[in-house]
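# Examination of the molecular architecture
Residues per chain, in single letters:
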Amino acid sequence: MMLESRPENMKRIDSPELAQAYVEERIAMLREQIGEKKVLLALSGGVDSSVVAALLIRAIGKQLTCVHVNHGLLRKGEPEQVIRVFREEMNANLIYVDAVDRFLDKLAGVADPEQKRRVIGREFIEVFAEEARKLDGISFLGQGTIWPDILESEAGIKAHHNAGGLPEDLRFELVEPVRILFKDEVRMVGRALGLPESMVERQPFPGPGLGVRCPGAITRDRLEAVRESDAILREEFAAAGLAGKVWQYFTVVPDFRSTGIREGKRTFEWPVIVRAINTTDAMSATVEELPFALMQKLVSRITNEVKGVNRVLYDFTPKPCATIEYE
Ligand code: XMP
């Protein structure tokens with residue numbers, strides 16, 4: 001097990017040169033650690049696992065197998081981007097698992113937020129384990145653990161055992177090449193590895209994905225409304241120059257309907273709630289003051305383009321007393 005700790009006097013990686021030096025050093029260390037053996041990695045497409053994948057591809061090429069599980073709760077375009085970047089551009093061994101129906105069937109009728117998280121977590125481990133068992137000769141498991149994960153685990157704030165749930169026969173030795181880095185350093189290293197800016201600069205996205213933004217029991221139509229409205233929000237934030245400026249922004253589609261009117265006829269449809277917050281540590285958050293013109297554009301596009309939606313609301317509540325996510 002690789003249990004390297006961040007040296008107390010380690011220089012912050014804050015320039016492309018230092019990031020490049022880190023990449024070179026890690027590649028040598030990974031080659032030394034892994035030799036001719038094989039590594040398996042769950043690649044979500046998030047910053048940490050993407051950087052780990054890119055490092056491992058540079059170090060050991062096809063000795064790495066990446067598994068990307070599409071659980072149906074990813075944002076619009078994400079699985080396509082993972083396939084494009086890693087399989088097509090980086091020529092990686094990438095197994096894409098379409099588990100959408102499997103997850104959504106298991107989640108049908110599950111309304112309790114914690115139960116939803118458990119179902120998603122359990123199913124993920126099951127799908128990943130099934131894929132791992134199809135492969136021969138895997139010795140290592142790659143993980144995108146980063147330094148704040150270690151600090152939070154030690155402080156008892158969060159349990160970070162990404163692969164902790166894997167069954168006994170799949171307890172591989174861990175490879176954690178960004179373990180000693182802070183998030184901004186991981187992004188720097190990602191850039192040095194040539195990952196696209198849209199991947200390196202991705203805003204935080206919870207493990208249970210859009211599932212926690214579709215409060216209550218998830219239905220496919222309401223989930224689609226979350227996905228489509230989120231895509232519009234991201235497009236409009238990018239167009240308004242807010243994409244790298246606001247810490248986290250997303251949409252939520254609650255499970256209630258209200259009356260509206262369209263082409264002279266009564267409608268009875270969902271609202272879309274827009275959330276846009278700023279924070280440094282996600283422990284507390286303030287609400288972004290959105291330009292009114294942007295809000296009007298969002299209302300117009302979302303109510304015209306997203307099926308089943310007749311209102312757009314803005315959540316003005318800071319954390320505390322509201323959390324950032326809705327579940
Ligand atoms: P809350 O809602 O607790 O969110 O104010 C704080 C930050 O954590 C993210 N978040 C999660 N991330 N799994 C994750 O990996 C989760 O279950 C989860 N819940 C919330 C949230 O997006 C925000 O950045």
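Residues numbered from 1 in each chain as written. Predicted model: local features only at pLDDT ≥ 70, side-chain atom pairs only at ≥ 80, totals over all residues. Heavy atoms only, no water.

## Regarding unusual backbone geometry
- Cis rather than trans, the peptide bond between Lys319 and Pro320 has omega equal to -15°.
- Positionally, Pro320 belongs in the segment after β10 (309-314).
- Across the junction of Pro320 and Cys321, the peptide omega takes the value 20°, indicating a cis bond.
- Assignment of secondary structure puts Cys321 in the segment after β10.
- Look at Asn91: it is not a glycine, yet its phi comes out positive at around 55°.
- Structurally, the position occupied by Asn91 is in the loop between α3 (78-89) and β3 (93-98).
- Notably, Ala282 is not glycine yet its phi reads approximately 70°, a positive angle.
- As for its placement among the helices and strands, Ala282 is situated in the loop between β8 (265-278) and β9 (286-287). (Helix = DSSP H or I, 4+ residues; strand = E, 2+ residues; numbered from the N terminus.)

## Concerning the sheet that holds strand β4 (residues 138-142)
- Ordered in space as β3-β2-β1-β4-β5, the 5 strands form an open sheet in which the pairing is parallel. Here the strands that pair on one side only, and so sit at the sheet edges, are β3 and β5 (173-175). Averaged over neighbouring strand pairs, the angle between their axes works out to 30° when direction is ignored.
- Relative to strand β2 (residues 64-70), strand β1 (residues 38-42) is paired through 4 bridges, and the arrangement is parallel. Bridging across to β2, Leu40 finds its partner in Thr65.
- Running over the sheet, helix α2 (residues 47-60) touches β1, β2 and β5 and is turned about 160° from β1.
- Lying on the sheet, helix α5 (residues 113-134) is in contact with β1, β2, β3 and β4; it crosses β1 at an angle near 155°. (Pairing = 2+ DSSP bridges. Axes fitted to C-alpha atoms, helices over the stretch in contact; angles between N-to-C directions. Contact = heavy atoms within 4.5 Å.)

## With respect to the nonpolar core
- Core analysis: the biggest nonpolar cluster contains 48 residues, and Leu40, Phe237 and Ile302 have the highest contact counts within it.
- Elements that contribute at least two residues to this core include exactly β2, α4 (100-107), α5, β4, α9 (220-239), β8, α10 (292-305) and β10.
- Considering each element in turn, this core owes the most residues, 7 residues, to α5.
- Once residues lying within four places of it in the same chain are set aside, the contact partners of Phe237 are Leu242, Ala243, Val246, Tyr249, Ala276, Leu290 and Leu294.
- Core analysis: the second largest hydrophobic core is formed by 41 residues, Val52, Ala53, Val85 and Met199 among them. (Core = buried A, V, L, I, M, F, W, Y, C linked by side-chain atoms within 4.5 Å. Buried < 20%, exposed > 50% of the residue type's maximum accessible area, 1.4 Å probe, protein only.)

## Quick word on the pattern of salt bridges
- Counting across every chain of the model gives 33 salt bridges.
- The salt bridge partner of Glu327 is Lys116, with a shortest N-O separation of 2.8 Å. Within this pair, whereas Glu327 is found in the segment after β10, its partner Lys116 is found in helix α5, the two being separated by 211 residues in sequence.
- Using a relative accessible area of 17% as the deciding quantity, one classes Glu327 as buried.
- One salt bridge in this structure joins Arg227 and Glu224, with 3.0 Å as the shortest N-O distance. Of this pair, Arg227 and Glu224 both sit in helix α9, 3 residues apart, which is roughly one turn of that helix.
- Of the residues examined, Arg227 reaches a relative accessible area of 14% and is grouped as buried.
- Judged by its relative accessible area of 36%, Glu224 falls in the partly exposed class.
- Ionic contacts of the salt-bridge type, sharing partners, join the residues Arg102, Lys106, Glu123, Glu126 and Glu130 into one network. (Salt bridge = Lys/Arg side-chain N within 4 Å of Asp/Glu carboxyl O.)

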